[in-house]
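# Summary of the model geometry
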Amino acid sequence: MDDSSTLHVQKHVEFIKSLDNKKDLESLLTEHIRMNGAYWGLTALDLMGSLNDLDQDKIISWILQCQHDCGGFGGNIGHDPHILYTLSAVQILALYDKLAVLDSSKIASYITGLQQNDGSFYGDEWGEIDTRFSYGAICCLALLRRLDAINLEKAITYIVSCKNFDGGFGSTPGGESHAGQIFCCVAALAIAGSLHYVDKDLLGWWLCERQVKSGGLNGRPEKLPDVCYSWWVLSSLAILDRVHWIDRESLKTFILDCQDIENGGISDRPDDAVDVFHTYFGVAGLSLLEYPGLKHIDPAYALPVNVVKRVFS
Amino acid sequence: MAGKDDEEVERGRLLLSQLDRLLDADPFIDELGFVHPSELVRLKSVSDHSIAEAADVEPESKHTHSYEEKKQYAGGGEEFAYGHKEHNDLSCDDCAFWCHDHKLAIASPVLLLMYKAAKEAFIAIKKEYLIYPRQDGLSSKSEMIGRNQGYQQKLMSCTRALVLINSDHASAWNARKRILLMGLKDDLMAELRLTRLVLSCAPKSEEAWAHRRWVIGCIKGYHTVLDGVLEGDSKLIELIAERSRMNYRAWRHRCWLVSHMSLTQVSHELRRSKLWAASYVADNCCFHYRRCLLLHLLQIPSSSGDHCNEGTVNKESNCSGSSQSGVSPAMSDTVAELWKEELSWSADLIKSYLGCETLWIHRRFLILHFLDHHCMKHCKYHWHSASEKYVGEVSIDTDRSSQQDALVESEFRFVDFCLSACEKNHPEEAKRQKEFAITYKLWILVMEHRQMLLSGSQRNEAFIQELRDVKSVLGVLCSEKQNLWEGLIPPLLGPDVVASMQA
Ligand SMILES: [Zn+2]
């Protein structure tokens, strides 16, 4: 059996579980985004059918300690709140079917406070604006079933104002098209039921041009391919119903080539160092490609399909 | 074991205080690097040598020279009373730091110890302040102010170390914002220098860029310095972009600056940054920046003249995409001239740099706007096959659609020219050039098709023939994207044509 032709599920599960105990500089330097890390790791575990390998109660109690009086969550205990960590916290609780432990109106009022007159969102009290924060707000409130807490129409108008001539979206009006920003905008519009604002053919074309000769996808013209774009590009194509426009087989091969077969984990490119971010996005990309044995992932909520169904049942 | 841990904690604190002294002694340190200890040794031997040399030859002039350089590098807005102190009085760990000529190198093995110490201090100070947040227990107001200042100073010093080592530590940046809000303009200028120092080491750091925007937002209150800051930032990004290619965050910051520019500044920027763009033709960010500038030109009201700094200040860059094409203020000759220049320059670049994706994307943008609206009226401009360049033609004024047809035909001639390009020495580039040329032709056809839909006109025979030809060439030149062409092109041909092709 050719080793790099299959997904080494058990190795990746072990790799993710091992991350919790590391004490090196790298893990120290990522302490402030631990909430994101937990979401990436746990969602990957769930897609691989191993969510219950980690101590659920311990994780939930840690998440709750990251919440501030304003309702927002920090990236770790003692860190300032931000919409992106708030989204990750809510996503993790959705994974565990424990949304009920949250005071959803408190979170909703935090997010309400971040919306601006033009419909955009601050990421936190300091006023940086980005379409990623629009996605964070909309996805988070949808999971809490509290979309009524913001002016959704204005939020949509703002996202649409970030559309470019190539059909893509940037971080702010006039910002360069970038696959990560495109995912945020397209997924937010999908959740808000406003996909008719997306130029599906033009954007689909731009997204397909991200596939390079090796089969991997890049995030912008002239960039190197990177496993994380298997998610950003592919999820956008999935929402636009255009996944069949790319060469799926060669993309699958590219992702599988980025595995560390010995120690588990997936890297950005073949033979680079692995990390939890790319491990999650590699697994999620394979899930969108319907890799056998993986749970299906919802391209807009970035959660397993069964979790999303449960939330909205 | 506990003994060893204590030792390490102590060493971390000591290193941290040394770092503090180094940074306080020279507020103009503008470059930071984390290096292997062996590199530190090498740097030391080189600088000892150069110091000795400088001491031989008139030390005074050397000093002046570096001051002049500094002024230039600081880009106008960040000048500051030059309070340079000699390093000699600083006793610091030779195995940990090297600081010379406003450059600071830190040996990577000490980062972990220092970071731990800074983090510990940060947590401790925050806690202390939370426990005694107000004047409770303090006898006088001056005592309270004194204690608060001590607290602020400690917080500024440990957060500085945190963000230098970990530029994305948002909570540390935020703690600084809270303190700066109580302070003065001079602190803001110093803060700009700190973000520059951090960015010299972590040019892609999102939080550092966001903090810099926040500081500039605060400086906006002081109009006298803002212009200098904006120009300084534009230069800063070119410096950073040279070392860190296609840096989305840096260029986003530069596009953000566009929203503060006047017509004169924009045209100056467009012409000035041409040389840079031509040296980095594969950097899409840079060409996106030009698109921002070009679109901004269309949005500056022509009557507002050159002194419209105030009028054009917006929260974010104004330069939205084609979605706002409805707004087309009367275009001044200057604006038309700049757009025209860009179209012709773009063709020159495409001819010189074979197979460069960003150049073709830029042309897609240009042609879309030429076909779409404003530019048409002023730019009678065509590809001249015989001379292989774009020429301005004095066309007898015809109606809009025939002008468009002429432009499209001219672009098709340009595409044919590029398709015939064969470069024996660079077969890969030539192959890519052909791929991009034919997809560019498809782009024009797609844009034409959209206009047909808008105007309700029918696809004519010529259009369908062009599209079929393009599809078959794509099948040969870009066969690995066959799924895309099969998805994209048939709907443009229309159902009856597709049926007849399959028959
Ligand atoms: Zn990546």
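See the structure shown above.
In short, a report on the structure. No experiment lies behind these values; they were computed from the predicted model shown.

Reading guide: rules and limits
Residues numbered from 1 in each chain as written. Chains lettered and ligands numbered in written order. Predicted model: local features only at pLDDT ≥ 70, side-chain atom pairs only at ≥ 80, totals over all residues. Heavy atoms only, no water. Helix = DSSP H or I, 4+ residues; strand = E, 2+ residues; numbered from the N terminus. Buried < 20%, exposed > 50% of the residue type's maximum accessible area, 1.4 Å probe, protein only. Contact = heavy atoms within 4.5 Å. Polar contact = N/O pair within 3.5 Å; in protein donor to acceptor, adjacent residues only side chain to side chain. Buried area = accessible area lost by both parts, 1.4 Å probe. Salt bridge = Lys/Arg side-chain N within 4 Å of Asp/Glu carboxyl O. Phe/Tyr/Trp six-rings, centres within 6.5 Å; stacked < 30°, edge-to-face > 60°. Lys NZ or Arg CZ within 6 Å of the ring centre and 35° of its normal. Donors = N, O, S within 2.8 Å, 3.2 Å for Na, K, Ca; no water. Tetrahedral: all angles 85-135°; square planar, octahedral: opposite > 155°, others 65-115°. Axes fitted to C-alpha atoms, helices over the stretch in contact; angles between N-to-C directions. Parallel < 35°, antiparallel > 145°, perpendicular 65-115°, else oblique. Left-handed = near helix turned anticlockwise from the far one by under 90°. Nonpolar A, V, L, I, M, F, W, Y, C, P; charged D, E, K, R; others polar. Expected span 1.5 Å × (residues − 1). Arc of directions from axis to C-beta. Core = buried A, V, L, I, M, F, W, Y, C linked by side-chain atoms within 4.5 Å. Pairing = 2+ DSSP bridges.

### A look at the overall build of chain B
- Each helix and strand counted, chain B has 23 helices and 5 strands in total.
- Out of the 503 residues in chain B, the part that is buried amounts to 50%.
- Restricting the contact set of chain B to residue pairs at least 6 apart, pairs at least 24 apart contribute 74%.

### Observations concerning the side chain of asparagine 76 of chain A
Residue and element names in this part refer to chain A.
- Of note, asparagine 76 is situated in the loop between α4 (56–65) and α5 (83–95).
- With relative accessibility at 12%, the residue asparagine 76 sits in the buried group.
- From its side chain, asparagine 76 meets the backbone oxygen of glutamate 31 in a polar contact 2.9 Å long.

### A few points about the side chain of serine 346 of chain B
All names here are of chain B.
- Within the element layout of this structure, serine 346 appears in helix α15 (residues 333–352).
- Overall, serine 346 belongs to the buried group, its relative accessible area being 3%.
- Not counting chain neighbours up to four residues away, the residues in contact with serine 346 comprise Arg363 and Leu366.

### Describing the interface of chain A and chain B
- Contacts between chain A and chain B engage 48 residues on the former and 62 residues on the latter.
- Surface buried jointly by chain A and chain B totals about 4700 Å² across both partners, of which 52% is contributed by carbon and sulfur atoms.
- When the buried area of chain A at its contact with chain B is split by residue, Trp126, Phe165 and Trp205 of chain A rank highest and sum to 19% of it.
- Seen at the junction of chain A and chain B, the total is 14 salt bridges.
- The partner of arginine 213 of chain B in a salt bridge is glutamate 128 of chain A, and the shortest N-O contact between them spans 2.5 Å.
- Where chain A touches chain B, the interface holds 28 residue pairs in polar contact (both at pLDDT 80 or more).

### Some thoughts on the packing of aromatic side chains
- Within the structure shown, the criterion is met by 21 aromatic pairs over all chains.
- Ring centres 4.7 Å apart and planes at 50° place the aromatic pair tyrosine 280 of chain A and phenylalanine 281 of chain A in the tilted group. Of the two residues examined, tyrosine 280 of chain A and phenylalanine 281 of chain A, each falls in the buried class.
- Ring-pair connections join several aromatic residues into one group, and the members of that group are Tyr39, Trp40, Tyr135, Phe183, Trp231, Trp232, Phe277, Tyr280 and Phe281 of chain A.
- Stacked on the ring of tryptophan 214 of chain B, the Lys or Arg lysine 177 of chain B has its end atom at 6.0 Å from the ring centre.
- Above the plane of the ring of phenylalanine 28 of chain B lies arginine 193 of chain B, whose end atom (NZ or CZ) is 4.9 Å from the centre.

### A few points about the coordination of the zinc ion
Residue and element names in this part refer to chain A.
- Looking at the zinc ion, one finds its protein donor set to be Asp226 (OD), Asp226 (OD), Cys228 (SG) and His278 (NE2), positioned 2.1 to 2.4 Å from the metal centre.
- Bound by 4 donor atoms, the zinc ion shows angles of 57 to 118° at the metal and therefore irregular coordination geometry.
- One chain supplies every donor for the zinc ion, spaced along it as D-x1-C-x49-H. A single burial state applies to aspartate 226 and to cysteine 228, both of which are buried.

### Description of the packing of helix α7 (residues 131–143) of chain A against helix α8 (residues 152–160) of chain A
Residues and elements named next belong to chain A.
- The contact between α7 and α8 brings their axes to 10 Å, and the two run at 150°. Considered as vectors, α7 and α8 are oriented roughly antiparallel to each other. Crossing angle aside, the handedness with which α7 passes α8 is left-handed. Two secondary-structure elements touch here, α7 through Thr131, Ser134 and Ile138 and α8 through Leu152, Ala155, Tyr158 and Ile159.
- By residue class, the composition of the contact of α7 with α8 is 5 nonpolar, 2 polar and no charged.

### Some remarks on helix α20 (residues 461–477) of chain B
Residue and element names in this part refer to chain B.
- The terminal C-alpha atoms of α20, which comprises 17 residues, lie 24 Å apart, in line with the 24 Å expected from a rise of 1.5 Å per residue.
- Turning to α20, its buried residues are Phe463, Ile464, Leu467, Val470, Lys471 and Leu474. The buried residues of α20 occupy an angular sector of 125° when the element is viewed end-on, so they sit on one face. Opposite the packed face of α20, turned more than 90 degrees from it, sit the exposed residues Glu461, Ala462 and Val476.
- The opening residue of α20, the one whose side-chain oxygen lies 3.3 Å from the backbone nitrogen of alanine 462, is asparagine 460.

### Here's the deal with unusual backbone geometry
All names here are of chain B.
- In this structure, aspartate 101 is a non-glycine residue whose phi angle is positive, near 55°.
- Within the secondary structure, aspartate 101 sits in the loop between β2 (97–100) and β3 (103–107).
- The backbone phi angle of histidine 102 is positive, close to 65°, even though this residue is not glycine.
- Following the sequence through the fold, histidine 102 ends up in the loop between β2 and β3.

### Examining the pattern of salt bridges
All names here are of chain A.
- According to the stated counting rule, one finds 47 salt bridges over all chains in the structure shown.
- Glutamate 176 is the partner of arginine 220 in a salt bridge, and the nearest nitrogen-oxygen pair spans 3.6 Å. On the criterion of sequence distance, the pair formed by arginine 220 in the loop between α10 (200–208) and α11 (227–239) and glutamate 176 in the loop between α8 and α9 (179–191) is long-range, its members being 44 residues apart.
- Here arginine 220 falls in the buried class, since its relative accessible area comes to 5%.
- Residue glutamate 176 is classed as buried on the basis of its relative accessible area of 5%.

### Some thoughts on the environment of leucine 230 of chain B
Residues and elements named next belong to chain B.
- Positionally, leucine 230 belongs in helix α9 (residues 223–243).
- Given the relative accessible area of 12%, leucine 230 is considered buried.
- Setting aside residues up to four positions removed in sequence, leucine 230 forms contacts with Leu257 and His260.

### Comments concerning the nonpolar core
- Core analysis: the biggest nonpolar cluster contains 247 residues, and Ile111, Tyr135, Phe169 and Tyr280 of chain A together with Leu104 and Leu442 of chain B have the highest contact counts within it.
- At 11 residues, helix α19 (residues 427–455) of chain B tops the list of elements feeding residues into this core.
- Beyond its immediate sequence surroundings of up to four residues, tyrosine 135 of chain A is in contact with Leu87, Gln91, Cys140, Phe183, Cys184, Ala187, Ala188, Ile191, Ala300, Tyr301 and Ala302 of chain A.
- Residues Val35, Leu43, Trp98 and Ala105 of chain B belong to the second largest nonpolar core, which totals 6 residues.

### Examining the pairing of β2 of chain B
Residue and element names in this part refer to chain B.
- In this structure, β2 lies alongside β3, joined through 4 bridges in antiparallel fashion. Looking at the pairing, cysteine 99 lines up with leucine 104 of β3.
- Hairpin remark: β2 followed by β3, antiparallel, with 2 residues in the connecting loop; positive phi at aspartate 101, about 55°.

### Overview of the sheet that holds strand β1 (residues 31–35) of chain B
Residue and element names in this part refer to chain B.
- One open sheet holds the 3 strands; their spatial order is β1-β3-β2, and the pairing between them is mixed. Two strands lie at the open edges of the sheet, namely β1 and β2, each paired on one side alone. Taking the axes of each pair of neighbouring strands and ignoring which way they run, one obtains an average angle of 15° across the sheet.
- Here 5 bridges tie β1 to β3, and the two strands are oriented parallel to one another. When the sheet's bridge partners are listed, leucine 32 is paired in β3 with leucine 104.

### Some remarks on the environment of leucine 492 of chain B
Residues and elements named next belong to chain B.
- In this structure, leucine 492 sits in helix α22 (residues 490–493).
- Looking at leucine 492, the relative accessible area reads 9%, which means it is buried.
- In this view, leucine 492 contacts Val446, His449, Arg459, Phe463 and Leu467; residues no more than four positions away in its chain are not counted.

### Regarding the packing of α11 of chain A against helix α13 (residues 276–288) of chain A
All names here are of chain A.
- For the pair α11 and α13, the least separation of the axes is 7 Å and the interaxial angle reads 35°. Crossing of α11 over α13 shows left-handed handedness. Along the contact surface, α11 presents Val227, Cys228, Ser230, Trp231, Trp232, Leu234, Ser235 and Ala238, while α13 presents Phe277, His278, Phe281, Gly282, Ala284, Gly285 and Leu288.
- Broken down by class, the residue content of the contact of α11 with α13 amounts to 10 nonpolar, 5 polar and no charged.

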